[in-house]
Amino acid sequence: MQEKKQSRIKMRNEKLILEAAEKVFAEAGYHGATLEKVATLADMSQPNLHHYFSTKRDLYVAVLKRTLMIWLEPLDRLEPAGDPEVELRKYILLKMELSRTRPEASRIFAGEMLLGGTALGGELNDRIAQSVDHGVMTIRHWVEQGQLRETNPHHLLFAIWAMTQHYADFEPQVKKTMGKARLTKADFSAAAESVAGIIMRGILP
């Protein structure tokens, strides 16, 4: 019972730290973020935080890993035997929902890509490759079956990522050009439907 209780406390504290770190890294960038800021936002002492993550680099990599696990799961769920219009539309809607609910994670990842992606390491790069390979093979299967027009699977995925993550990474620009003080859930739903429509009209037979 004691071990189970400690395990629950560990999981809770790690979740608090990662959520706080996501906000701090998104606002300050890697170089501007400090473990002190993360500890303050997580409402715990720095020594307690160090018990879970000994360095800022360790915490940063953990945030990137958490982001990737959440992002890649919808791609892993693409079903080759399914209807490509249904499967891809669902994928686009899920990606847009992540831009709405997890914008900080998207901005951190974009920042890491601008820095060259060196923090990802072999394990995370392998995980990305595994999911992308699944998506590419699934799209290629649909093309070969005549369910999609001839298209490059990689570039299709890149287009979906760019169009959906734009609403998180460039949120200030989106709000300014649309004349909105904030983007609502309805705004994201409308954007998702627009993006899905544009993509589908380009790839369906």
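Residues numbered from 1 in each chain as written. Predicted model: local features only at pLDDT ≥ 70, side-chain atom pairs only at ≥ 80, totals over all residues. Heavy atoms only, no water.

## Points about the overall build of the protein chain
Phase 1: What the protein chain contains, in helices and strands, is ten helices and zero strands.
Phase 2: The helix and strand sequence of the protein chain, counted from the amino end, reads α-α-α-α-α-α-α-α-α-α.
Phase 3: Once the C-alpha set of the protein chain is aligned to its principal axes, its extents read approximately 60 × 45 × 35 Å.
Phase 4: Every one of the 205 residues in the protein chain was classed for burial, and the buried ones make up 40%.
Phase 5: If you take every contact in the protein chain between residues at least 6 apart in sequence, the share linking residues at least 24 apart comes to 71%.
Phase 6: For the protein chain, the exposed area adds up to about 11500 Å²; of that, 55% sits on carbon and sulfur atoms.
Phase 7: The averaged location of the 26 negative side-chain charges in the protein chain is 6 Å from the averaged location of its 28 positive side-chain charges. (Helix = DSSP H or I, 4+ residues; strand = E, 2+ residues; numbered from the N terminus. Buried < 20%, exposed > 50% of the residue type's maximum accessible area, 1.4 Å probe, protein only. Contact = heavy atoms within 4.5 Å. Areas by Shrake-Rupley, 256 points an atom, 1.4 Å probe, with all protein chains shown as cover. Lys, Arg positive; Asp, Glu negative; His and termini not counted. Charge placed at Lys NZ, Arg CZ, Asp CG, Glu CD.)

## So, the environment of His31
Phase 1: Tracing the sequence through the fold places His31 in helix 1 (residues 2–32).
Phase 2: For His31 and Lys56, which are 25 residues apart along the polypeptide, the C-alpha to C-alpha distance reads 9.6 Å.

## Some words on the side chain of Asp187
Phase 1: Here Asp187 is to be found in helix 10 (residues 185–203).
Phase 2: Ignoring sequence-local partners within four residues, the contact set of Asp187 consists of Lys180 and Arg182.

## Brief notes about the packing of aromatic side chains
Phase 1: Across all of its chains, the model carries six aromatic pairs by this definition.
Phase 2: When the centroid spacing of 6.2 Å and the interplanar angle of 10 degrees are considered together, the rings of Phe25 and Tyr30 count as stacked.
Phase 3: Grouped by ring-pair contacts, the aromatic residues Phe25, Tyr30 and Tyr60 constitute a single cluster.
Phase 4: Directly above the aromatic system of Trp71 lies the positively charged group of Lys95, at a separation of 4.5 Å from the ring centroid. (Phe/Tyr/Trp six-rings, centres within 6.5 Å; stacked < 30°, edge-to-face > 60°. Lys NZ or Arg CZ within 6 Å of the ring centre and 35° of its normal.)

## Thoughts on the side chain of Glu22
Phase 1: Looking at where Glu22 falls in the secondary structure, it is placed in helix 1.
Phase 2: By relative accessible area, which is 6% here, Glu22 ends up buried.
Phase 3: In terms of polar contacts, Glu22 uses its side chain to reach the side chain of Arg66, at 3.3 Å.
Phase 4: Excluding residues that lie within four positions of it along the chain, Glu22 makes contacts with Val63, Arg66, Thr67, Arg102, Glu104, Ala105 and Ile108. (Polar contact = N/O pair within 3.5 Å; in protein donor to acceptor, adjacent residues only side chain to side chain.)

## Digging into the nonpolar core
Phase 1: If you look at the biggest cluster of nonpolar residues, it comprises 56 residues, and the most contacted ones within it are Ile17, Phe25, Val38, Leu59 and Leu88.
Phase 2: Among the elements that make up this core, the one with the highest residue count is helix 4 (residues 56–76) (nine residues).
Phase 3: For Ile17, the residues in contact, after removing those within four places along its chain, are Val38, Ala42, Met44, Leu49, Tyr52, Phe53 and Leu59. (Core = buried A, V, L, I, M, F, W, Y, C linked by side-chain atoms within 4.5 Å.)

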